[in-house]
Amino acid sequence: MGLTIGVDIGGTKIAAGVVDEEGTILETCKVPTPPTSEALTEAIADAVRSVGAGHQIEAVGIGAAGYVDEKRATVLFAPNINWRHEPLKDNVEQRVGLPVVVENDANAAAWGEYKFGAGQGHSDVICITLGTGLGGGIIIGNKLRRGRFGVAAEFGHIRVVPDGLLCGCGSQGCWEQYASGRALLRYARQRAFATPENATILLGLGDGTSEGIEGRHVSEAARQGCPVAVDSFRELARWAGAGLADLASLFDPSAFIVGGGVSDEGELVLDPIRKSFRRWLVGNQWRPHAQVLAAQLGGKAGLVGAADLARQG
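Presented here is an overview of the structure given in this document.

Turning our attention to the side chain of Glu-103. Of note, Glu-103 is situated in strand S8 (residues 100-104). Side chain to side chain, Glu-103 and Asn-107 meet in a polar contact 3.1 Å long. When sequence neighbours within four positions are dropped, the list of residues in contact with Glu-103 reads Ile-62, Gly-63, Ala-64, Val-68, Arg-72, Ala-108, Leu-144, Arg-146 and Leu-309.

Our focus in this paragraph is unusual backbone geometry. A negative phi holds for most residues other than glycine; trans holds for most peptide bonds. Residue Asn-142 is not a glycine yet carries a positive backbone phi of 65°. For Asn-142, a relative accessible area of 40% translates into the label partly exposed. You will see that Asp-252, though not glycine, has its phi angle at about 50°, which is positive. Note that Asp-252 resides in the loop between helix H7 (227-251) and strand S12 (255-259).

Glancing now at the nonpolar core. In this structure, Ile-128, Leu-130, Phe-155, Leu-202, Val-218, Leu-244 and Phe-277 are the most contacted members of the largest nonpolar core, which totals 46 residues. Secondary structure elements with two or more residues in this core: strand S9 (125-130), strand S10 (134-140), helix H4 (181-194), helix H5 (200-205), helix H6 (215-223), H7, S12 and helix H8 (267-280). Counting residues per element, this core draws most heavily on H7, which supplies 12 residues. The contact partners of Val-218, leaving out residues within four places of it in the chain, are Leu-184, Leu-185, Ala-188, Leu-202, Ile-213, Ala-229 and Phe-233. Among the nonpolar cores identified, the runner-up in size contains 30 residues, and Val-75, Ala-78, Trp-83 and Val-102 belong to it.

Here we take up the pairing of S12. The buried fraction of S12 amounts to 5 of the 5 residues, a majority that puts the element mostly inside the structure. A two-sided burial pattern is seen for S12, the buried positions comprising Ala-255, Ile-257 and Gly-259 on one face and Phe-256 and Val-258 on the other. Across 4 bridges, S12 lies against strand S13 (residues 291-294) in parallel orientation. Across the sheet, the residue bridging to Val-258 is Ala-294, located in S13. Read as a crossover between parallel neighbours, the route from S12 over H8 to S13 is right-handed.

On a regular strand, each side chain points to the face opposite its neighbour's, so the side chains alternate between the two faces of the sheet. Of the pairings in the sheet, the one linking strand S6 (residues 75-78) to strand S7 (residues 83-86) comprises 3 bridges and is antiparallel in character. Considered in S7, the bridge of Ala-78 is made with Trp-83. The loop that links S6 with its antiparallel partner S7 comprises 4 residues.

Evaluated as defined, the whole model comprises 5 aromatic pairs. Centre to centre, the rings of Trp-111 and Tyr-114 are 4.8 Å apart; their planes meet at 50°, and the pair counts as tilted. A residue pair is termed a helical-turn pair when its members lie 3 or 4 positions apart in one helix, as Trp-111 and Tyr-114 do in helix H3 (residues 105-116) at 3 residues. Both residues of the pair, Trp-111 and Tyr-114, belong to the buried class. If you follow Arg-279 out to its NZ or CZ, it ends over the ring of Trp-280, 3.9 Å from the centre.

Judged by pairing direction, the sheet is mixed, and its 5 strands sit side by side in the order S3-S2-S1-S4-S8 without closing on themselves. Of all strands in the sheet, those with a lone pairing partner are strand S3 (25-32) and S8, marking the two edges. Within this sheet the neighbouring strands show an average axis-to-axis angle of 20°, counted without direction. Judged from the 6 bridges that link them, strand S1 (residues 3-9) and strand S2 (residues 13-19) form a sheet pairing that is antiparallel. Of the residues in S2, the one forming a bridge with Thr-4 is Val-19.

Rules of the game
Residues numbered from 1 in each chain as written. Predicted model: local features only at pLDDT ≥ 70, side-chain atom pairs only at ≥ 80, totals over all residues. Heavy atoms only, no water. Helix = DSSP H or I, 4+ residues; strand = E, 2+ residues; numbered from the N terminus. Polar contact = N/O pair within 3.5 Å; in protein donor to acceptor, adjacent residues only side chain to side chain. Contact = heavy atoms within 4.5 Å. Buried < 20%, exposed > 50% of the residue type's maximum accessible area, 1.4 Å probe, protein only. Core = buried A, V, L, I, M, F, W, Y, C linked by side-chain atoms within 4.5 Å. Pairing = 2+ DSSP bridges. Right-handed = clockwise from strand over helix to strand, strands pointing away. Phe/Tyr/Trp six-rings, centres within 6.5 Å; stacked < 30°, edge-to-face > 60°. Lys NZ or Arg CZ within 6 Å of the ring centre and 35° of its normal. Axes fitted to C-alpha atoms, helices over the stretch in contact; angles between N-to-C directions.

Worth remembering: the numbers are spatial, not functional.
This is the structure in structure tokens:
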């Protein structure tokens, strides 16, 4: 199969791109994400038609944040969009006249990294995305593993603290409440409030109050050596690495790929994640250690992965 289109649905924009068999994006377009489900479907179709004009397109892959059924057709539940058993495949196919595959966005990003990014050369890879929340994907034996009902790898909602922090999913103590961009911001604000004398750089980047700290301030302050910001990254990394150690016990991959916005800070977060992973890995002195790698494709992973999954039908 030749060219396919990948679609990545974000909170503020929908990105669509024409992708070839080598994972190269030939053309892209972006449109705002509408507030209603019906308008969103129309916007997806508009983006596909726009970016595909002038190209011989074979199929479309859509990455959607939420639970996608085993047929890769229906969004069972999307936490940030009013989709409940939404027949997205049928609705978009009717509008664009092309075969459509719907995939969870984290699965699509994981597949993109495995096929064209940091996972090349590995047959068994676990991907996690440290963004606002925590997502993931499982590739074992060179295949994307989605589970019987299509909703595997929701790693962010593994409960790591019984009766812990309330999560947006309705449960308590979920992993993403302790290892995510949202968690990093909470750590920084709490520490800045408790010890403002150690957070002068961080507070200076905002409005001088702990409530005024934003995620970008934490990253910038950490790069400048602010003790509170650096310690906040270490706390996030401690939880992230411990979680990877648990996943190693489940899947025994040769590599973990860490993506998402938090991973953009590179070794500032990856080095302490690796240390925490080794610390909590059961039998760590006597067993091979999976590599912990930085994602390579950045924000393109989901689009490229969705396009390639569409190619496979």
